[in-house]
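Coordinate analysis (summary)
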Amino acid sequence: MTGASIDLNADLGEGFGRWRLTDDEQLLSVVTSANVACGFHAGDAATMREVCRIAAERSVRIGAQVAYRDLAGFGRRAMEVPPGELAAEVAYQIGALEVFARAAGSRVSYVKPHGALYNRVVGDEEQAAAVVEGVRLAGGQLPLLSLPGSALHSLAEKAGLPVVTEGFADRAYTAQGTLVPRGEEGAVLSDAAAVVERSVSMARFGVVAARCGQAVAVRPRSLCVHGDTPGAVALARRVRRGLEEAGVRVEAFG
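Residues numbered from 1 in each chain as written. Predicted model: local features only at pLDDT ≥ 70, side-chain atom pairs only at ≥ 80, totals over all residues. Heavy atoms only, no water.

What follows deals with the pattern of salt bridges. Tallied over the full model, the rule gives 13 salt bridges. Across the salt bridge formed by Arg53 and Glu50, the nearest N and O atoms sit 2.6 Å from each other. Taken together, the residues Arg53 and Glu50, both in helix 2 (residues 45-57) and 3 residues apart, mark about one turn of the helix. Asp124 is the salt-bridge partner of Arg120, the closest N and O atoms lying 2.8 Å from each other. We classify Arg120 as partly exposed; its relative accessible area is 22%. (Salt bridge = Lys/Arg side-chain N within 4 Å of Asp/Glu carboxyl O. Helix = DSSP H or I, 4+ residues; strand = E, 2+ residues; numbered from the N terminus. Buried < 20%, exposed > 50% of the residue type's maximum accessible area, 1.4 Å probe, protein only.)

Attention now moves to the layout of surface pockets. Rolled over the atoms, a probe with the dimensions of a water molecule shows which regions are left empty. Looking at the largest pocket, its volume works out to about 250 Å³. Residue lining of the largest pocket: 20 residues in total, with Arg76, Gly115, Asn119, Arg171 and Arg182 positioned closest to the centre. For the lining of the largest pocket, the secondary structure elements donating two or more residues are strand 4 (108-113) and helix 4 (115-123). Here the lining of the largest pocket is built from residues that sort into 8 nonpolar, 5 polar and 7 charged. (1 Å grid on protein atoms, 1.4 Å probe; cavity = no way out; pocket = protein on both sides within 12 Å on 5 of 7 lines; lining within 4 Å. Points joined across faces, edges and corners; volume = space filled by probe spheres on them. Nonpolar A, V, L, I, M, F, W, Y, C, P; charged D, E, K, R; others polar.)

Between helix 4 and helix 5 (residues 125-137), the shortest axis-to-axis distance is 6 Å and the interhelical angle comes to 115°. Of the two possible hands of crossing, helix 4 and helix 5 adopt the one that is left-handed. Contact residues: Leu117, Arg120, Val121 and Gly123 in helix 4; Glu125, Gln127, Ala128 and Val131 in helix 5. Class assignment of the residues belonging to the contact of helix 4 with helix 5 gives a composition of 4 nonpolar, 2 polar and 2 charged. (Axes fitted to C-alpha atoms, helices over the stretch in contact; angles between N-to-C directions. Left-handed = near helix turned anticlockwise from the far one by under 90°. Contact = heavy atoms within 4.5 Å.)

All right, on to helix 8 (residues 232-245) then. In an α-helix, one turn spans 3.6 residues, which is why side chains three or four residues apart end up on the same side. Helix length check: helix 8 (14 residues) gives 20 Å between terminal C-alpha atoms against 20 Å at 1.5 Å per residue, within 8%. Turning to helix 8, the residues buried within the fold contact strand 1 (5-12), helix 1 (24-27), helix 7 (192-205), strand 9 (222-224) and strand 10 (249-250). Of the residues flanking the end of helix 8, it is Gly247, one or two places downstream, whose phi is positive at about 85°. (Expected span 1.5 Å × (residues − 1).)

Shown next as structure tokens:
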């Protein structure tokens, strides 16, 4: 497949106070979209402001990474949040990030759920509908990043919101096209050559090998490289270089 293009995103701003997890400065020189933590699973006001400033300077698209209110568990614990409350919290997070994005001369361009919320809205229509409601409550027609075939993907489309299909360079897939839960062995991939190969396969041919070896159809418009894994910057650079060497343009979606 020639003429392919793909967006490269990473989760950024995942610190709090004196604690820092992601190398935002370096990753913002590689990615084309930044999923910025909005204070619920990680991130604080000063961090959000700084990430937005650097992203705007480098013409990196700013996205709100919304999550369950779970700082202690980094947003990766299952939680039961009433739909109305979840919708309000999603809108709250988007609004908080928008202040800093606009102050930097940019804006929030999309929304991506994080962690347990991301996985929950793959199959839970009630929680997915709450996320969609929260995005609409925040105003505008912000695109949503989601797994293809997810409940969130379907409900966002029905609500008239743009949807951007997402793939994961460094996560293992099940034969059903969902992500292998992080608690299982082999869920996160660290072999750089394998991650690059999978990235190129998804970008050019729309397929990726599931953990069982079966080929799974995954044709993402945006590809995620996690910023919180060891060696994330070097891995992101290798992925971008591998994509470009394979003839894939790395550029922001839309």
